[in-house]
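These are the residues of each chain, in order.
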Amino acid sequence: MSNSVVVHNSSFESFNLASPILKNIEALGYTQATPVQAQVIPAAMAGGDWLVSSQTGSGKTAAFLLPLLNQLFIANPHGSPVPGRAQPKVLVLCPTRELAQQVTADAINLARGIKGLRIATIMGGMPYGKQIQAIKGAGLVVATPGRLLDLFNTRAIRLDQVECLVVDEADRMLDLGFAEDLEAIDERCKQRSQTLMFSATFAPRIMSLASSLTKDAGRIELAHAGEAHANISQKLHWADNMAHKHRLLEHLLSDPDLDQAVVFASTQIESEKIADTLRANGYQASALHGAMPQAVRNRRLDALRKGQTRILVATDVAARGIDVPRISHVINFGLPMKPEDYTHRIGRTGRAGRNGIAITLAEHRDRVKIKAIERFTQQTMTAAEIVGLEPQNKPSFNKPNHRPGAGAKRGKPKFAGQARPGSNTRFSPRSGSRSGSFQNANSKH
Ligand code: AMP
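Residues numbered from 1 in each chain as written. Predicted model: local features only at pLDDT ≥ 70, side-chain atom pairs only at ≥ 80, totals over all residues. Heavy atoms only, no water.

### Some remarks on the overall build of the chain
The cut-off we apply is this: Put simply, DSSP H or I for four residues or longer makes a helix, DSSP E for two residues or longer makes a strand, and each gets a number counted from the N terminus. Here's how the labels work: a residue is buried when its accessible area is under 20% of the maximum for its type, exposed when over 50%, partly exposed in between, all with a 1.4 Å probe on protein chains only. Contact between two residues is taken to exist if any of their heavy atoms lie within 4.5 Å; hydrogens are not considered. For accessible areas, the Shrake-Rupley method is used with a probe of radius 1.4 Å. Any residue's cover is judged against the shown protein chains and nothing else.
The helix and strand inventory of the chain stands at 15 helices and 15 strands. Taken over 445 residues, the chain has a buried fraction of 56%. Sequence-distant contacts in the chain: of pairs separated by 6 or more residues, those separated by 24 or more amount to 78%. With an accessible surface of roughly 18500 Å², the chain has 50% of that area assigned to carbon and sulfur atoms.

### Topic: the environment of Lys136
Tracing the chain through its elements places Lys136 in the loop between helix H5 (128-135) and strand E4 (140-143). According to the relative accessible area criterion, Lys136 is partly exposed, its value standing at 33%. Setting aside residues no more than four positions away along its own chain, Lys136 makes contact with Gly84, Arg85, Ala86 and Arg118.

### Here's the deal with the environment of Lys371
You can see Lys371 is positioned in helix H15 (residues 367-377). Spatially, the C-alpha atom of Lys371 lies 9.0 Å from that of Met381, the residues being ten residues apart in sequence.

### Considerations on the packing of aromatic side chains
Short version of the rule: Planes of paired rings set the category: under 30 degrees apart is stacked, over 60 is edge-to-face and the rest tilted, where pairs are Phe, Tyr or Trp rings (Trp by its six-membered ring) whose centres lie within 6.5 Å. A ring is scored as having a charge over it whenever the NZ atom of a lysine or the CZ atom of an arginine sits within 6 Å of its centre and within 35 degrees of its normal.
What the rule picks out here adds up to two aromatic pairs. Plain terms: the ring middles of Phe12 and Phe15 are 6.0 Å apart, the flat faces sit at 70 degrees to each other, and that makes the pair edge-to-face. Ring centres of Phe64 and Phe198 lie 5.2 Å apart, and the angle between their planes is 55 degrees; on these two criteria the pair is classed as tilted. On the criterion of sequence distance, the pair formed by Phe64 in helix H3 (residues 60-75) and Phe198 in strand E6 (residues 194-199) is long-range, its members being 134 residues apart. Accessibility assignment for this pair places Phe64 and Phe198 in one class, buried. The ring of Tyr128 is capped by Arg147, whose NZ or CZ atom sits 3.7 Å from the centre of that ring. Sitting over the face of the ring of Phe333, Lys245 holds its NZ or CZ atom 5.0 Å from the ring centroid.

### Looking at the site of the ligand
Keep this limit in mind: We call a residue near a molecule or strand when any one of its heavy atoms sits within 4 Å of it. In protein, a polar contact means a hydrogen-donor-capable atom and an acceptor-capable atom, both N or O and within 3.5 Å, with residues adjacent in sequence counting only if both atoms are side-chain atoms; elsewhere, any N or O pair within 3.5 Å suffices. Only Asp, Glu, Lys and Arg are considered charged, only Ala, Val, Leu, Ile, Met, Phe, Trp, Tyr, Cys and Pro nonpolar, and every remaining residue, Gly among them, polar.
Among the 13 residues in the neighbourhood of the ligand, the closest are listed as Tyr30, Gln32, Gln37, Gly59 and Thr61. The separation between an oxygen atom of the ligand and a polar side-chain atom of Tyr30 is 2.6 Å. Surface burial for the ligand is 88%, taken as the share of its 500 Å² of free accessible area covered by protein chains. Residues of the shell around the ligand, tallied by class, amount to three nonpolar, seven polar and three charged.

### Here we look at the confidence of the model for the chain
Worth spelling out the cut-off: The predictor attaches a confidence to each residue, and that confidence, scored 0 to 100, is pLDDT.
Residues of the chain with pLDDT of at least 70 account for 85%, and the chain-wide mean is 85. Taken together, the stretch residues 1-8 has pLDDT below 50 and engages in 20 contacts with residues farther than four places along the chain or on a different chain. Within the model, the stretch residues 399-445 combines pLDDT values under 50 with 120 contacts to residues more than four positions away or in other chains.

### Observations regarding empty space enclosed by the protein
Spelled out, the test is: Residues are called lining when one of their atoms sits within 4 Å of a cavity or pocket point, these points coming from a 1 Å grid over the protein atoms alone, where a cavity is a set in which a 1.4 Å probe fits but cannot get out and a pocket is an open set with protein on both sides within 12 Å along at least five of seven lines. Grid points are joined across faces, edges and corners, and a volume is the space filled by probe spheres set on the points.
Counted according to the given criterion, the structure contains two cavities of 30 Å³ or more. Estimates place the volume of the second largest cavity at around 40 Å³. Taken together, Ser54, Thr56, Lys60, Asp168, Glu169, Asp171, Phe198, Ser199, Ala200 and His344 make up the full set of residues lining the second largest cavity. Broken down by class, the residue content of the lining of the second largest cavity amounts to two nonpolar, four polar and four charged.

### Details of the pattern of salt bridges
Rules: Should a side-chain nitrogen of Lys or Arg be within 4 Å of a carboxyl oxygen of Asp or Glu, the pair is scored as a salt bridge.
A full pass over the atoms with the stated rule returns 20 salt bridges. Salt-bridge contacts for Glu221 lead to Arg219; the nearest nitrogen and oxygen are separated by 3.7 Å. On the basis of relative accessible area, Glu221 is assigned to the buried category, the value being 7%. What makes Arg219 partly exposed here is its relative accessible area of 27%. Measuring nitrogen to oxygen at the nearest pair gives 3.2 Å for the salt bridge that ties Arg365 to Glu363. By relative accessible area, Arg365 is classed as exposed at 63%. Counted as one network, the salt bridges with shared partners bring together Arg172, Asp175, Arg205, Lys338, Glu340 and Asp341.

### Description of the state of the cysteines
Spelled out, the test is: Only a pair of cysteine sulfur atoms within 2.5 Å qualifies as a disulfide here.
Per the counting criterion, the structure on display carries zero disulfides. A disulfide-free cysteine, Cys189 has its sulfur positioned 9.6 Å from the sulfur of Cys164, the nearest such atom. Assessed through its relative accessible area of 0%, Cys189 is described here as buried.

### Thoughts on the nonpolar core
To be explicit about the condition: Residues grouped as a nonpolar core are buried Ala, Val, Leu, Ile, Met, Phe, Trp, Tyr and Cys residues, joined through side-chain atoms within 4.5 Å.
Leu66, Leu69, Val92, Leu140 and Leu196 are the most contacted members of the largest nonpolar core, which totals 47 residues. Apart from the residues within four sequence positions on either side, Leu66 is in contact with Phe12, Leu17, Ile21, Ile25, Ile41 and Leu110. One finds Ala138, Leu151, Leu159 and Val162 within the second-largest nonpolar core, a separate group that totals 34 residues.

Structural data, given as structure tokens:
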């Protein structure tokens, strides 16, 4: 985590977390809470519903896991054996399998050595039998919505004991068409006493989802998209055509400072083609996209984590949740569909205290999308050139010293359908918070 985003004097000791959890935090090397943690941990521990805007890479996962794991620990401090029923107390919903796996891995690390506290994952693409076994006796279940409802409908899991529901990356949930599934899950755990919802933005559609999933939710609004990536150097290269883009890509991948890279493609087919071309040219590259069987996705992500794959060529869906500290470069070969995806993509680098490099390749016809990204991030993408690979065709708006959004109409980005994120850090305490998130078992939803 970058030092620039760590709040001073936000030591984990000040949160009144149980000592086995503090020990695990220390073992992970976290010395201070990040801003999102400094705000969300005490708020969630005080109880009630919270709506949090935070960026990927900000430490948001531990921000919700720590108070919830703490609560589970307090409910069973001596680690008495738990009944082997599939009825979790904490349910975390993630939009993608990769994110669900990452959240599960973080939860396991933070709950290490705590007896009687079990964590399980439910997600599509994996055998049913094993998952059904794993959720028995698990206090915290991390799930993708579709498979969770499958298991609920076959009575393999009960949701009537859920005390806290977390909806992670709610914006992405809506992008992926999970609105109805969320509604169905909400109905099935109405008795819960707490809902925590995380999203990159508080766009109107997120607020409308929040109004159905949460009650009197307090808001915690952190840095806007542009501020969150101070440790990532962002550049833009104009390309004349596809062949030029490929030449630029190979040049960029030959950077001796490159440790591991994620190259983003616009489509599944494009991701496979790029990976094939790179492999044919001697690079250790593999593709990752949502149409691949889950077992293949897992193997490829694992190879990336272990450093066996240097270059992962991915689509947006598959890239969520990738948290590999050695990723030094993110290269946007194809532009994202929506400006906020740009922020998520570049957040794959510059993780765990390191610096990162994010390079975008764009053709002249992409200039509207580039402007929309600049408006969203409120940052200018500086155009750079490589000697011998200069573009013949440069859009005139992207001159040096160009101001963010200059030359572009104010208002909604054309292809985004999204409002700009707020630029202020705001913290609106909720009225009448309750004491202890799990204590009130009365229905409030
Ligand atoms: P997230 O935003 O939850 O995906 O977290 C981004 C990265 O920051 C992960 O690699 C976490 O392990 C790491 N991280 C989370 N909290 C802290 C902290 N307080 N100090 C240092 N690193 C952290």
